[in-house]
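Residue-level structural notes
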Amino acid sequence: MGLERYLDLLSQTCRSIYIFARSNNIPFEFKHVELFKESVLGKKPAAGSGAEQPHAGPSSREGAGKVSLLKKVPALKDGDFTLEECTAILLYLSRKYNTPDHWYPADIQKRAQVDEYLSWHHANIRASAPKTMWIKVLIPLFTGQPLPSQKLQEVMEGLSSSLKQFEERFLQDKAFIVGSQISLADLVAIVELMQPVGVGCDIFEDRPRLRRWRRRVEDAVGKELFFQAHEMILNIKELSSMQIDPELKEQLAPVLMKMLK
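The rules we used
- Residues numbered from 1 in each chain as written.
- Predicted model: local features only at pLDDT ≥ 70, side-chain atom pairs only at ≥ 80, totals over all residues.
- Heavy atoms only, no water.
- Axes fitted to C-alpha atoms, helices over the stretch in contact; angles between N-to-C directions.
- Helix = DSSP H or I, 4+ residues; strand = E, 2+ residues; numbered from the N terminus.
- Parallel < 35°, antiparallel > 145°, perpendicular 65-115°, else oblique.
- Contact = heavy atoms within 4.5 Å.
- Nonpolar A, V, L, I, M, F, W, Y, C, P; charged D, E, K, R; others polar.
- Pairing = 2+ DSSP bridges.
- Salt bridge = Lys/Arg side-chain N within 4 Å of Asp/Glu carboxyl O.
- Buried < 20%, exposed > 50% of the residue type's maximum accessible area, 1.4 Å probe, protein only.
- Disulfide = S-S within 2.5 Å.
- Core = buried A, V, L, I, M, F, W, Y, C linked by side-chain atoms within 4.5 Å.
- Domains from an automatic or database assignment.

Some words on the packing of helix H5 (residues 108-123) against helix H9 (residues 184-198)
It is the contact of H5 with H9, at a shortest axis distance of 8 Å, that shows an interaxial angle of 25 degrees. The angle between H5 and H9 places the two elements in the roughly parallel class. Mapping the contact onto sequence places Val114, Tyr117, Leu118 and His121 in H5 and Leu184, Ala185, Val188, Ala189 and Glu192 in H9. Of the residues assigned to the contact of H5 with H9, the class counts are seven nonpolar, one polar and one charged.

Here it is, written out as C-alpha cells:
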C-alpha cells in the first residue's frame, strides 16, 4: 500500500508537509480534505495554474476520519501505520526517505537547534500568526460581523514581538535558522508567516532581514512549488463575498471566536 497524506493547503501545517514531500520527491497520494465545506473554502485551482489540488469527495473526508482519531489534518497513512501532528510527520518522512541531512541534521548540536526552534515556534509564532486570518476573514465570514480593529492590533503586537525574537535569537546574521542551508525549522516558520500575508498583513515589508530570509527559503524549495502550495491562502480574501450555509455558520462561529480568547 502506498503512502497517503490527508491535507488541506489552507492549513499552514499541511503546507509544510506538502512542500517537504514535493521538494524531496517523496511519492504519496494526496487526499485533499477540506477544513470547511467545498462550497465555502474548496476553491478550484484556476485553469492552467498547474496546481495539484485534488478535490475532496466523501471518500477523502471519510478516509481522514478513519486515519485521524482527532478528526483533523494533517494525517498520514503508510500501510497500516497512521500518524498525526505536523512535526511528527515531517520527522517520520525525513527518516524513512533519508532526505538530505540539512533538513534534520545528524550533527547533534545542529539537530538540537532545529528542535529548539520547533519547540519555541508553537508558543510564539503559531500563537499569533494564524489569528490574523481568523480576525480579518474567517470570523467575519461566519459571524457576519467584523471584529474591533484593536483585536487585530493586539495580535499584530504579539506577532511583532515574536518576529523580533525570531530575527535576533534564531536567524541572526545567518542565511537560515541552522546556518547556510534550509532545515525543517525554516519550513515550519515560513508557512506560518504566510498566513498574515494572505490576508493583507505584510509582515515582511518593513523587515529587510526577514524578507531576505523568505526569498532564500523560496529559492531553496523552488518558487513554483512555494507559490503553488500557497495559492489558496494568497487568494483567501476572495471568500469574503461568499454566502455561507446557516448550519455551517452555527457550527463554526463559536469555535472560531473561542480561538481568540
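Section: the sheet that holds strand E3 (residues 75-78)
On the basis of which strands lie adjacent, the open sheet formed by four strands has the order E2-E1-E3-E4 and mixed pairing. At either end of the open sheet lies a strand with only one pairing partner, and these are strand E2 (29-32) and strand E4 (81-84). Strand-to-strand twist in this sheet, taken as the mean axis angle between neighbours without regard to direction, amounts to 20 degrees. Bridging between strand E1 (residues 3-7) and E2 involves four bridges; their strand directions are parallel. Along E2, the bridge assignment pairs Leu7 with His32. Strands in contact with helix H1 (residues 12-23) are E1 and E2; relative to E1, the strand with the most contacts, it is inclined by about 145 degrees.

Points about the pattern of salt bridges
Per the counting criterion, the structure on display carries 10 salt bridges. Notably, a salt bridge pairs Arg126 with Glu192, separated by 2.7 Å at the nearest N-O pair. Within this pair, whereas Arg126 is found in helix H6 (residues 125-128), its partner Glu192 is found in helix H9, the two being separated by 66 residues in sequence. The exposure class of Glu192 is buried, given its relative accessible area of 0%. Measuring nitrogen to oxygen at the nearest pair gives 3.4 Å for the salt bridge that ties Glu167 to Arg209. With Glu167 in helix H8 (residues 149-171) and Arg209 in helix H10 (residues 208-221), this residue pair connects regions lying 42 residues apart in the sequence. Residue Arg209 is classed as partly exposed on the basis of its relative accessible area of 29%. It is possible to trace a salt-bridge network through shared partners that takes in Arg214, Glu218, Asp219 and Lys223.

Considering the side chain of Glu167
Glu167 sits in the buried class, given a relative accessible area of 11%. Setting aside anything within four residues of it in sequence, one finds Glu167 in contact with Gln172, Arg207, Arg209 and Leu210.

Topic: the state of the cysteines
Within the structure shown, the criterion is met by zero disulfides. Between Cys86, a cysteine without a disulfide, and Cys14, which holds the nearest cysteine sulfur, the sulfur-to-sulfur distance is 8.1 Å.

Quick notes on the nonpolar core
If you look at the biggest cluster of nonpolar residues, it comprises 59 residues, and the most contacted ones within it are Tyr117, Phe166, Phe204 and Trp213. Looking at which element gives the most residues to this core, the answer is H9, with 10 residues. Of the domains in this structure, domain 1 (3-44 + 51-101) and domain 2 (103-260) are the two that each give at least three residues to this core. Setting aside residues no more than four positions away along its own chain, Phe204 makes contact with Ile190, Leu193, Met194, Val197, Leu210, Arg211, Trp213 and Arg214. Within the second largest apolar cluster, 18 residues are counted, among which are Val137, Ile139, Ile236 and Ala253.

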